[in-house]
Amino acid sequence: MTAKNQLELLIKNFQEKRPLRAGSLIITIYGDAIVPRGGNVWLGSLMKLLEPMGISQRLVRTSVYRLVQESWLQTEKVGRCSYYSLTGPGLRRFEQAFQHVYNLDTEEWSGSWCLVYLNQLSPELRQKVREELKWLSFGSMAPGLMEHPRFTRSELIPMLQEWGALDDTIVMQTMPMEQKSPKALRLQVRESWNLDELGGRYRRFLSQFRPLWRELQSDDILAPKECLLLRVLLIHEYRKVLLRDPLLPDELLPGDWEGRSAKQLCRNLYRQIYVRAEQCLDETLENASGPLPGPSDKFYKRFGGLRDSSTINDAIPEIRSTQFGLFKG
């Protein structure tokens, strides 16, 4: 099966998922492509970008409206056109969700844990805070008690204040231990996060994208439009798995942990296709002033370093000159 065929299969599989979570895909696009280019985009160009994914204009409008209601996005009207950007809370949530996606190295674990006690919250607020913490990959140590090896108390306090739960939530930071990985702690980690399920999600990610990566090594003929679609799906699927991963230290993980291979595969694919994907974004996304500016310098630090921005225009000139009309008309 060619790389083009495998990409078509990835898109088909995405379209068949129920419910079709277009809002989640839009957040992926904001994080991967729009925020590095200023963060504000015309709704019409977002629709054009999502059309090849089989997402209708009506579904885009509905999904964007919900993201506004959920305080992810804010809108600005200029004439008859609507432009959307992340809100302050949305940007904070975005940074929490994406901070580990493009990092190759995970900081060494100190042995400390962030513990959050929820028993003093009302049942309704407790459920809300619990879901927010799970979204941040906190594990459940016991009923009413959540844990994380990398979050700190100082990072969590502003979030609890935003959720209206600060006064009735107890947050503790444990002291590092000399012995960081006793048998009992490894067993507790398995109970808190269900590593078997998380490992299975990583294996499914590998089975989705590894055959396409292998094919690209011998026959890479993907056009800019196809590279953009592949990049969106790659980061979207990887982000969904990573959201559930607390990035436990190596000493608490199995020796053959699938997350390591998934990270390398995501990096390799991204590095191979990002130039052509950026070319397509140049012609697709607009704000009130016209085409979005090029990506920031921070963008080129992803996955340990991409090629410098000065090389983008020279990378594949023949593709730039012949295939930028893919989203036009």
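Residues numbered from 1 in each chain as written. Predicted model: local features only at pLDDT ≥ 70, side-chain atom pairs only at ≥ 80, totals over all residues. Heavy atoms only, no water.

## Observations concerning the overall build of the chain
Of the regular secondary structure elements, the chain holds 13 helices and nine strands. Taken over the C-alpha trace, the chain has a radius of gyration of 21 Å; the compact-globule value for 329 residues is 20 Å, and the two agree within 12%. By sequence separation, contacts in the chain at least 24 residues apart represent 78% of the contacts at least 6 residues apart. Accessible area for the chain stands at about 16,300 Å²; split by element, carbon and sulfur atoms hold 48% of it. The distance from the centre of the 45 positive side-chain charges to the centre of the 40 negative ones in the chain is 4 Å. (Helix = DSSP H or I, 4+ residues; strand = E, 2+ residues; numbered from the N terminus. Rg over C-alpha atoms; globule rule 2.2 N^0.38 Å. Contact = heavy atoms within 4.5 Å. Areas by Shrake-Rupley, 256 points an atom, 1.4 Å probe, with all protein chains shown as cover. Lys, Arg positive; Asp, Glu negative; His and termini not counted. Charge placed at Lys NZ, Arg CZ, Asp CG, Glu CD.)

## So, the packing of aromatic side chains
Taken as a whole and judged by the stated rule, the model has 14 aromatic pairs. An angle of 65° between the planes, with centres 5.8 Å apart, marks the rings of tryptophan 72 and tryptophan 135 as edge-to-face. With a gap of 63 residues between them, tryptophan 72 in the loop between helix 4 (57–69) and strand 2 (73–78) and tryptophan 135 in helix 6 (residues 123–135) connect regions that are remote in the sequence. For tryptophan 72, a relative accessible area of 6% gives the class buried. Ring centres of tryptophan 113 and tryptophan 193 lie 6.2 Å apart, and the angle between their planes is 25°; this geometry places the pair in the stacked category. Note that tryptophan 113 is positioned in the loop between helix 5 (88–98) and strand 4 (114–117) and tryptophan 193 in helix 8 (residues 183–193), a separation of 80 residues in sequence. (Phe/Tyr/Trp six-rings, centres within 6.5 Å; stacked < 30°, edge-to-face > 60°. Buried < 20%, exposed > 50% of the residue type's maximum accessible area, 1.4 Å probe, protein only.)

## Regarding the pattern of salt bridges
In a structure, side chains of opposite charge can pair up when their charged atoms sit close to one another. In total, this model carries 16 salt bridges according to the counting rule given. Among the salt bridges present, the one from arginine 37 reaches glutamate 278, with a minimum N-O distance of 2.6 Å. With arginine 37 in the loop between helix 2 (22–34) and strand 1 (40–42) and glutamate 278 in helix 11 (residues 258–284), this residue pair connects regions lying 241 residues apart in the sequence. A relative accessible area of 2% places glutamate 278 in the buried class. Several salt bridges converge on common partners, so that one network encompasses Asp32, Arg37, Arg231, Glu278, Asp282 and Arg302. (Salt bridge = Lys/Arg side-chain N within 4 Å of Asp/Glu carboxyl O.)

## Quick notes on the nonpolar core
Within the largest apolar cluster, 84 residues are counted, with the highest numbers of intra-cluster contacts made by Tyr30, Leu46, Trp113, Phe209, Leu230, Leu269 and Tyr270. Listed in part, the 17 residues of the second largest apolar core include Leu125, Leu136, Phe151 and Met159. (Core = buried A, V, L, I, M, F, W, Y, C linked by side-chain atoms within 4.5 Å.)

## Notes on the sheet that holds strand 2
With respect to topology, three strands assemble into an open sheet ordered 1-3-2, the strand pairing being antiparallel. Bordering the open sheet on either side are strand 1 and strand 2, each of which pairs with just one other strand. In this sheet, adjacent strand axes meet at a mean angle of 30° when their direction is disregarded. Here strand 1 runs beside strand 3 (residues 81–86); their pairing, made up of three bridges, is antiparallel. Directly across from valine 41, in strand 3, lies its bridge partner tyrosine 84. (Pairing = 2+ DSSP bridges. Axes fitted to C-alpha atoms, helices over the stretch in contact; angles between N-to-C directions.)

## A short note on the side chain of threonine 284
Tracing the chain through its elements places threonine 284 in helix 11. Looking at threonine 284, its side chain comes within polar contact range of the main-chain oxygen of cysteine 280, at 2.7 Å. (Polar contact = N/O pair within 3.5 Å; in protein donor to acceptor, adjacent residues only side chain to side chain.)

## Examining the pairing of strand 5 (residues 139–142)
Judged from the three bridges that link them, strand 5 and strand 6 (residues 145–148) form a sheet pairing that is antiparallel. Looking at the pairing, glycine 139 lines up with glutamate 147 of strand 6. The hairpin turn running from strand 5 into strand 6, its antiparallel successor, is two residues long, and glycine 144 in that turn takes a positive phi close to 85°.

## Some words on helix 5
An α-helix turns once every 3.6 residues. As a result, residues three or four positions apart point the same way. Those residues of helix 5 that sit buried are Gly90, Arg92, Arg93, Phe94, Gln96, Ala97 and Phe98. Between the side-chain oxygen at the start of helix 5 and the backbone nitrogen of glycine 90 there is a gap of 2.8 Å, and the oxygen is on threonine 87.

## Things to note about the packing of helix 3 (residues 43–50) against helix 4
Between helix 3 and helix 4, the shortest axis-to-axis distance is 10 Å and the interhelical angle comes to 125°. On the basis of the axis angle, helix 3 is oblique to helix 4. Helix 4 is crossed by helix 3, and the crossing has right-handed handedness. Residues Leu43, Leu46, Met47 and Leu50 of helix 3 form the contact with helix 4, whose participating residues are Gln57, Val60, Arg61 and Val64. When grouped by side-chain class, the residues that make up the contact of helix 3 with helix 4 number six nonpolar, one polar and one charged. (Parallel < 35°, antiparallel > 145°, perpendicular 65-115°, else oblique. Left-handed = near helix turned anticlockwise from the far one by under 90°. Nonpolar A, V, L, I, M, F, W, Y, C, P; charged D, E, K, R; others polar.)

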